[in-house]
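Breakdown of the fold
Chain residues, written in single-letter form:
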Amino acid sequence: TIQEGFDEGYGLGATMGLRVGVILGTLEGIWSAVSKSEKAVASEKPGSVESDLGLGDEKTAQSEGQRLRGLVIKARIALRTESVFGTEYWGADGIWKYDVREGDGGWNDVVDAHPLIQAWEATVRTEVDHFELDTGVLERTEVKRLGESE
């Protein structure tokens, strides 16, 4: 009985963990890239990043890097194990409290329906769209390396 419970919980935890990892990794990657870009712009020209980018008063303007840093911090807190598997979403019996549409996805159906996952994946989509990123590269099995021909 213990082994069966472990096996079932492991599958759900692994599926949930992968999704949380993609959310955090994507947000952290965007933040890192934007922050490095802002530092490069700031080192090329005198003045603040905000003024260089035409964002107004440097005391009131928030750079994209600062905004994304705040978003990453919020995501790290919201997607902690204690939150994702907290009593708000799970009963004492280990059954989810939110609506799940059963499909062919197994644990993916449960993870797809999790309110935190839905909310943070929507946030990631917004950021990906904002920066016009191609996330399809994450799903490709073959990646063209720099300098390789098609």
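One can find the structure itself at the top, above this paragraph.
For clarity, every value in this text was computed on a predicted model and none was experimentally measured.

This part is about the environment of alanine 122. Relative to the elements of secondary structure, alanine 122 occurs in helix α6 (residues 115-130). Note on alanine 122: relative accessible area 30%, which makes it partly exposed. Each C-alpha atom, one on alanine 122 and one on isoleucine 23, is 9.7 Å from the other, the two residues being 99 residues apart in sequence.

Let's shift gears to α6. The first and last C-alpha atoms of α6 sit 23 Å apart over 16 residues, in line with the 22 Å expected at 1.5 Å per residue. Every buried residue of α6 is accounted for by Leu116, Ile117, Trp120, Glu121, Val124, Glu127 and Val128. Taken down its axis, α6 places every buried residue within 120 degrees of arc, on the same side. Turning to α6, the residues buried within the fold contact α1 (2-44), α3 (64-78), α4 (81-84) and α5 (107-113).

Okay, the pattern of salt bridges next. For the structure on display, the rule yields 6 salt bridges. Its salt-bridge partner being arginine 67, residue glutamate 64 comes within 3.0 Å of it at the nearest N-O pair. With glutamate 64 and arginine 67 both in helix α3, this residue pair falls 3 residues apart, about one helical turn. For glutamate 64, a relative accessible area of 25% corresponds to the partly exposed category. A relative accessible area of 26% places arginine 67 in the partly exposed class. Residue glutamate 127 pairs with arginine 67 through a salt bridge whose shortest N-O separation is 2.9 Å. A residue pair is termed long-range when its members are at least 10 positions apart, and glutamate 127 in helix α6 and arginine 67 in helix α3 qualify at 60 residues. Under the relative-accessibility criterion, glutamate 127 is labelled buried at 6%.

This part is about the nonpolar core. Core analysis: the biggest nonpolar cluster contains 27 residues, and Met16, Leu27, Leu79, Tyr98 and Trp120 have the highest contact counts within it. Where this core is concerned, the elements lending two or more residues are α1, α3, α5 and α6. For this core, the leading source of residues is α1, giving 8 residues. Setting aside residues no more than four positions away along its own chain, leucine 79 makes contact with Val20, Ile23, Leu24, Val84, Leu116 and Trp120.

Packed helices, taken two at a time, are described by the angle their axes make and the gap between the axes. Between α1 and α3, the shortest axis-to-axis distance is 9 Å and the interhelical angle comes to 160 degrees. It follows from the interaxial angle that α1 and α3 lie roughly antiparallel. Relative to α3, α1 is oriented so that their crossing is left-handed. Contacts from Leu24, Leu27, Glu28, Ile30, Trp31, Val34, Ser35 and Glu38 in α1 reach Glu64, Gly65, Leu68, Arg69, Leu71, Val72, Ala75 and Arg76 in α3. Its residues assigned to classes, the contact of α1 with α3 shows 9 nonpolar, 2 polar and 5 charged.

Once that is clear, we can look at the side chain of glutamate 121. Position of glutamate 121 relative to the elements: it lies in helix α6. Polar contacts involving the side chain of glutamate 121 include one to the side chain of arginine 19, which spans 2.7 Å. The residues touching glutamate 121, leaving out its near neighbours within four places in the chain, are Arg19 and Ile23.

About the criteria used
- Residues numbered from 1 in each chain as written.
- Predicted model: local features only at pLDDT ≥ 70, side-chain atom pairs only at ≥ 80, totals over all residues.
- Heavy atoms only, no water.
- Helix = DSSP H or I, 4+ residues; strand = E, 2+ residues; numbered from the N terminus.
- Buried < 20%, exposed > 50% of the residue type's maximum accessible area, 1.4 Å probe, protein only.
- Expected span 1.5 Å × (residues − 1).
- Arc of directions from axis to C-beta.
- Contact = heavy atoms within 4.5 Å.
- Salt bridge = Lys/Arg side-chain N within 4 Å of Asp/Glu carboxyl O.
- Core = buried A, V, L, I, M, F, W, Y, C linked by side-chain atoms within 4.5 Å.
- Axes fitted to C-alpha atoms, helices over the stretch in contact; angles between N-to-C directions.
- Parallel < 35°, antiparallel > 145°, perpendicular 65-115°, else oblique.
- Left-handed = near helix turned anticlockwise from the far one by under 90°.
- Nonpolar A, V, L, I, M, F, W, Y, C, P; charged D, E, K, R; others polar.
- Polar contact = N/O pair within 3.5 Å; in protein donor to acceptor, adjacent residues only side chain to side chain.

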